[in-house]
Amino acid sequence: MAAEPKFEGWLGKGPESAKGKMEWGAFPNPKKWTEDDVDIQITHCGICGSDLHTLSSGWGPTPYPCCVGHEIVGKATRVGKNVKKNIKVGDRVGVGAQNASCLRPDCEECQNGLENHCQRMVGTFASPFPDGTMSYGGYADYHRAHHHMVMKIPDQIPSDEAAPMLCGGITLYSPLKNNGCGPGKKVGIIGVGGLGHFGVMFAKALGADKVVGISRKADKKDDVLKMGADEYIATDEDENWASKNSRSLDLIVCTVSSPKMPLMDYLQLLRVKGTFIMVGAPEDKLPDMNAFAFIAKGVKFGGSMIGPPWQIEEMLNLAAEKGIHTWVNKYSMKDANKAIVDFNAGKPRYRFVLENEKHL
């Protein structure tokens, strides 16, 4: 039997931890091993905006102490006897924002490939398992997850680039794929940051006729065009941008997490029967909307949350096939506190990744 890993990581012990005050320590009540699990020795973990929302209790009370991080890549060090996937000890594997779902025969979501919407889902961090133990994330040395949520990383994708795809990437890939992004479609990505840069690259890889990056300032324009965008809109700087681009897009995916965004102007960009998908999650409410923004053109307003395991694997295969590269800034795992301070300061271009040198 493999030895029990030493589960240690950066613990947030209160809202102040979001300001770079996490403390390294042992996990108080980690998941108990079952033969359905895979243990992962972590080499890389992406930093996601939801990490900061959780550390600060921005979305609601956080069960401290917590260890955040749900874009995990590393080496499988222990594989349970019940694991039917082609995963063996030594394989390079990853886990995204979901650690487990119920997988019960009577669960409509799990039985229809919608595990990310399971009512009994367990998040990768700050989430309780049915037995009362807790999930702890990837700002750490080891992670334990149900094998259903663990996937092999294609050889073509470096670990530091693969990690952010497991949450940030699928958060954009899933709504694009589920809403018909492909040939004949004109697609807009609002908020070209850590999430949005994946949207531009995946929309192009899926064959959209036109991809438009939309952000407040023009300072990202050159980057976004290099990512594959055909056009760029700077909403704070381009005069009359909404009216000039009215009815120009079939699908918009919005990553913005601000209650102050010009939502009614964004909706003006949609063509008749267009679709607007929200993936950004403000801590406050969304801006007010007028019903005629939907009624007049017959448009749809929806939301999306990560994606199921099979779709994450599909996304990784597409990234490998098309040579998609995450734009990464790397920090040492020991510098995680500095990384989240820099993240809060808006410095990522475009994803931050922690690298655990002792496991490379």
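Residues numbered from 1 in each chain as written. Predicted model: local features only at pLDDT ≥ 70, side-chain atom pairs only at ≥ 80, totals over all residues. Heavy atoms only, no water.

**Structural notes on the UniProt feature "domain: Alcohol dehydrogenase-like C-terminal" (unreviewed entry) in the chain**
The feature "domain: Alcohol dehydrogenase-like C-terminal" (unreviewed entry), as given by UniProt, occupies residues 194–320 in the numbering adopted here. Between the first and last C-alpha atoms of residues 194–320 the distance is 19 Å; the span itself is 34% helix and 23% strand. (UniProt positions renumbered as here; feature names shortened; annotations may be inferred. Helix = DSSP H or I, 4+ residues; strand = E, 2+ residues; numbered from the N terminus.)

**Focus on helix H4 (residues 196–205)**
Most of H4 sits inside the fold, with nine of its ten residues counted as buried. Restricting attention to buried positions, one finds in H4 the residues Gly196, His197, Phe198, Gly199, Val200, Met201, Phe202, Ala203 and Ala205. (Buried < 20%, exposed > 50% of the residue type's maximum accessible area, 1.4 Å probe, protein only.)

**Details of the pairing of strand E13 (residues 210–215)**
The buried fraction of E13 is high, at six of six residues. Covered by surrounding structure in E13 are Lys210, Val212 and Ile214 together with Val211, Gly213 and Ser215, the residues of both alternating faces. Here strand E12 (residues 186–190) runs beside E13; their pairing, made up of five bridges, is parallel. Its bridge partner being in E13, valine 187 is matched across the sheet by valine 211. What joins E12 to E13 is H4, and the crossover it makes is right-handed. (Pairing = 2+ DSSP bridges. Right-handed = clockwise from strand over helix to strand, strands pointing away.)

**As for the environment of leucine 55**
Here leucine 55 shows up in helix H1 (residues 49–55). Using a relative accessible area of 0% as the deciding quantity, one classes leucine 55 as buried. Those residues in contact with leucine 55 that lie beyond four places of it in its chain are Gly12, Gly14, Pro15, Ser17, Ala18, Met22, Tyr64, Cys66, Val68 and Ile340. (Contact = heavy atoms within 4.5 Å.)

**Some words on the packing of aromatic side chains**
For the coordinates displayed, the defined rule picks out eleven aromatic pairs. Relative to phenylalanine 202, the ring of tyrosine 173 lies with its centre 5.5 Å away and its plane at 75°, an arrangement referred to as edge-to-face. In this pair, tyrosine 173 sits in helix H3 (residues 159–178) while phenylalanine 202 sits in helix H4, placing the two residues 29 residues apart along the sequence. By way of ring pairs, the aromatic residues Phe7, Phe27 and Tyr136 are connected into one cluster. Against the face of phenylalanine 129 rests lysine 31, its NZ or CZ located 5.3 Å from the ring centre. (Phe/Tyr/Trp six-rings, centres within 6.5 Å; stacked < 30°, edge-to-face > 60°. Lys NZ or Arg CZ within 6 Å of the ring centre and 35° of its normal.)

**Examining the pairing of E12**
One face of the sheet, then the other: side chains in a regular strand alternate in exactly this way. A large share of E12 lies buried, amounting to four of its five residues. Of the strand pairs in this sheet, E12 and strand E15 (residues 249–254) are connected by four bridges, and their pairing is parallel. Paired with valine 187 across the strands is leucine 251, a residue of E15.

**Describing the environment of cysteine 118**
Residue position: cysteine 118 is located in the loop between helix H2 (108–111) and strand E7 (122–123). With a relative accessible area of 4%, cysteine 118 lands in the buried category. Residues cysteine 118 and glutamate 108, spaced ten residues apart in sequence, show a C-alpha to C-alpha distance of 8.1 Å.

**Comments concerning the UniProt feature "domain: Alcohol dehydrogenase-like N-terminal" (unreviewed entry) in the chain**
Per the UniProt record, "domain: Alcohol dehydrogenase-like N-terminal" (unreviewed entry) is found at residues 35–155. End-to-end, the C-alpha atoms of residues 35–155 are 27 Å apart, and along that stretch the chain is 9% helix and 33% strand.

**What about H3?**
Given a rise of 1.5 Å per residue, 20 residues ought to cover 28 Å, and the 26 Å separating the end C-alpha atoms of H3 matches this to within 8%. In terms of residue burial, H3 counts as a mostly covered element, since 18 of its 20 residues are buried. Downstream of H3 by one or two residues, glycine 180 has phi in the positive range, about 80°. (Expected span 1.5 Å × (residues − 1).)

**Regarding the packing of H3 against H4**
One way to put it is that H3 packs onto H4 with a least axis distance of 9 Å and a crossing angle of 55°. The angle between the axes of H3 and H4 places the two elements in the oblique class. Along this stretch, H3 crosses H4, giving a crossing that reads as right-handed. Contacts from Pro164, Met165, Gly168, Gly169, Leu172, Tyr173 and Leu176 in H3 reach Phe198, Gly199, Phe202 and Ala203 in H4. Class assignment of the residues belonging to the contact of H3 with H4 gives a composition of eight nonpolar, three polar and no charged. (Axes fitted to C-alpha atoms, helices over the stretch in contact; angles between N-to-C directions. Parallel < 35°, antiparallel > 145°, perpendicular 65-115°, else oblique. Left-handed = near helix turned anticlockwise from the far one by under 90°. Nonpolar A, V, L, I, M, F, W, Y, C, P; charged D, E, K, R; others polar.)

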